[in-house]
Amino acid sequence: MSRCTEIQELIPWYIEGGLSREEERAVAEHLSGCDRCRDDLVTTMQLRLAVRAVVEKAPGPSGRLRDRVARRVLGRRLARLDVGSFYLGFSLGASLRRRSIPIHGDLNLMGRRIRLFSTARRGGDE
Amino acid sequence: MASDRELITDVANGDEMAFRQLYDRFADRVYRYAYTILRGKHLAEEVAQETMIAVWKGASKYAGRSKVSTWIFGIARNQAYSLVRKEIRTERVPDVALVEPDPAPGIHRQEKVSRALEGLSQDHREVVFLTFYEGLSYGEIASILDIPAGTVKSRMFHAKKRLAEALV
């Protein structure tokens, strides 16, 4: 394999910043003296931009995906009781899953929810 | 803002809020990755759905040896390829093109690159996606695809050549 091929194989990750320090130095050194690989660098940068634009332009998933995942993972909420405030509180809730109605209790601390207990069996209730 | 690792630890403890955040960070990316492999919107949604459910169920199995994104894309890939095998048996056809034709001259290059992407093999297309869209290193991609790092570099080299022809 020629030195230029070796360098051109690394150029995509040189642009992305995904090389080791030694690889990065080797690519930079080679680029400073090789017109062909500098051209490849420019082409690769153009390609990267074009590919990103193509992927981003494609429509994303539908809103239904979120609902389907939520139903399978979290179940349908049946009831929830909140006591306390945003800073310190307690929640007790029940949801409807395919084969059970798990009950769970959470401690709410500074806006973060910490699960205290749940009667759901992970993977078994979905 | 919680890191991906912190979120996955919380998800392993059954934290639904953490799962919602992880979903927001990854569902769209997983969908686009699956789309790159499968070329079908419904199939890509199926993969995204099953991947996110697998993340919820299997968060406690995440060993922390790789980045969370590498782990999740690995799950997505397995889901996508098991669907591909199913599709080959039932001969379902991909439903829409990646980009609909657009008459604006400013995006002429994108159209050409889009067509060139369509023309690449599945193996080459996913390396291009993981490098240029996800910005993963060749080592991380090798770990997701379970192939040697040299193969990742060589696939990218050849894919790049094919795509570059579209820019001429």
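Within every chain, residues take consecutive numbers counted from 1 along the sequence as written. Here every chain gets a letter starting at A, and every ligand a number starting at 1, in the order they are written. Thresholds applied to this predicted model are a pLDDT of at least 70 for local features of residues and 80 or more for the giving and counting of side-chain atom pairs; totals over whole chains, interfaces and linings are not thresholded and use all residues.

Right, let's get into unusual backbone geometry. All names here are of chain B. If you check the backbone angles, R39 has positive phi at about 60° while not being a glycine. For R39, the location among the structural elements is in the loop between helix 2 (16-38) and helix 3 (41-58). At D146, a residue that is not glycine, the phi angle is positive and equals roughly 60°. Relative to the helices and strands, D146 resides in the loop between helix 7 (138-145) and helix 8 (149-167). Strands are runs of DSSP state E lasting at least two residues, helices are runs of H or I lasting at least four, and both sets are numbered from the N terminus onward.

All names here are of chain B. Contact pair helix 1 (residues 4-12) / helix 2: the axes reach a minimum separation of 8 Å and the direction vectors enclose 135°. Relative to helix 2, the element helix 1 lies oblique. In this structure, helix 1 meets helix 2 at a crossing whose hand is left-handed. In this structure, helix 1 contributes D4, L7, I8, D10 and V11 to the contact, and helix 2 contributes A18, F19, Q21, L22 and R25. Each residue is assigned to one of three groups, with Ala, Val, Leu, Ile, Met, Phe, Trp, Tyr, Cys and Pro labelled nonpolar, Asp, Glu, Lys and Arg labelled charged, and all others, Gly among them, labelled polar. Taken together, the residues of the contact of helix 1 with helix 2 break down into six nonpolar, one polar and three charged. Convention adopted: a line fitted to C-alpha atoms gives each axis, helices being fitted over their contacting stretch, and angles between N-to-C directions are expressed from 0 to 180 degrees. We call two directions roughly parallel when the angle between them is under 35 degrees, roughly antiparallel when it is over 145, roughly perpendicular when it lies between 65 and 115, and oblique otherwise. Helix crossings get a hand from a simple test, with the near helix turned counterclockwise from the far one by less than a right angle marking a left-handed crossing and a clockwise turn marking a right-handed one. Throughout, a pair of residues is in contact if the C-beta atoms placed from their backbones lie within 7 Å.

Another aspect to go through is the domain arrangement of chain B. Residues and elements named next belong to chain B. Its domain assignment divides chain B into domain 1 (1-96) and domain 2 (99-168). Of the residues lining the interface, 11 residues belong to domain 1; the matching set on domain 2 comes to nine residues. Looking at the side of domain 1 that touches domain 2, the elements that each hand over two or more residues are helix 2 and helix 4 (68-90). A per-class count over the side of domain 1 that touches domain 2 returns three nonpolar, four polar and four charged. Segmentation of the chain into domains, including their bounds, is taken from an automatic or database domain assignment.

For chain A, the assigned domains read domain 1 (3-57) and domain 2 (76-118). Taking only C-alpha atoms into account, the centre of domain 1 of chain A sits 50 Å from that of domain 2 of chain A.

Turning to the confidence of the model for chain B, a few remarks are in order. Reading fine detail from the predicted coordinates is not recommended where pLDDT is low. Residues and elements named next belong to chain B. For chain B, per-residue confidence averages 86 on the pLDDT scale, and 88% of positions sit at 70 or higher. For every residue, the pLDDT score states the predictor's confidence, bounded by 0 at the bottom and 100 at the top. When pLDDT is averaged over each element of chain B, helix 7 comes out on top at 95 and helix 5 (residues 108-119) at the bottom at 84. Here residues 96-103 is modelled with pLDDT under 50, and outside its nearest four sequence neighbours on either side it reaches 15 contacts, counting other chains as well. Quick note on the complex model: pTM equals 0.76, ipTM equals 0.78.

Time to look at helix 8 of chain B. Taking 1.5 Å per residue as the helical rise, helix 8 of chain B with its 19 residues ought to reach 27 Å, and the 27 Å between its terminal C-alpha atoms agrees with that figure. Considered for burial, the residues of helix 8 of chain B that qualify are V152(B), K153(B), R155(B), M156(B), A159(B), K160(B) and L163(B). All buried residues of helix 8 of chain B fall inside an arc of 160° around its axis, so they share one side. Away from its buried face by more than 90 degrees, helix 8 of chain B exposes G150(B), K161(B) and E165(B). Structurally, helix 8 of chain B contributes buried residues whose contacts are with helix 1 (3-16) and helix 3 (35-57) of chain A together with helix 5, helix 6 (122-133) and helix 7 of chain B. Given the number of residues in a helix, its expected span is that number minus one, multiplied by 1.5 Å. Once C-beta atoms are placed from the backbone, each residue is buried if 20 or more other C-beta atoms lie within 10 Å of its own, exposed if 12 or fewer, and partly exposed for counts between those two. By construction, the arc corresponds to the directions joining the helix axis to the C-beta atoms.

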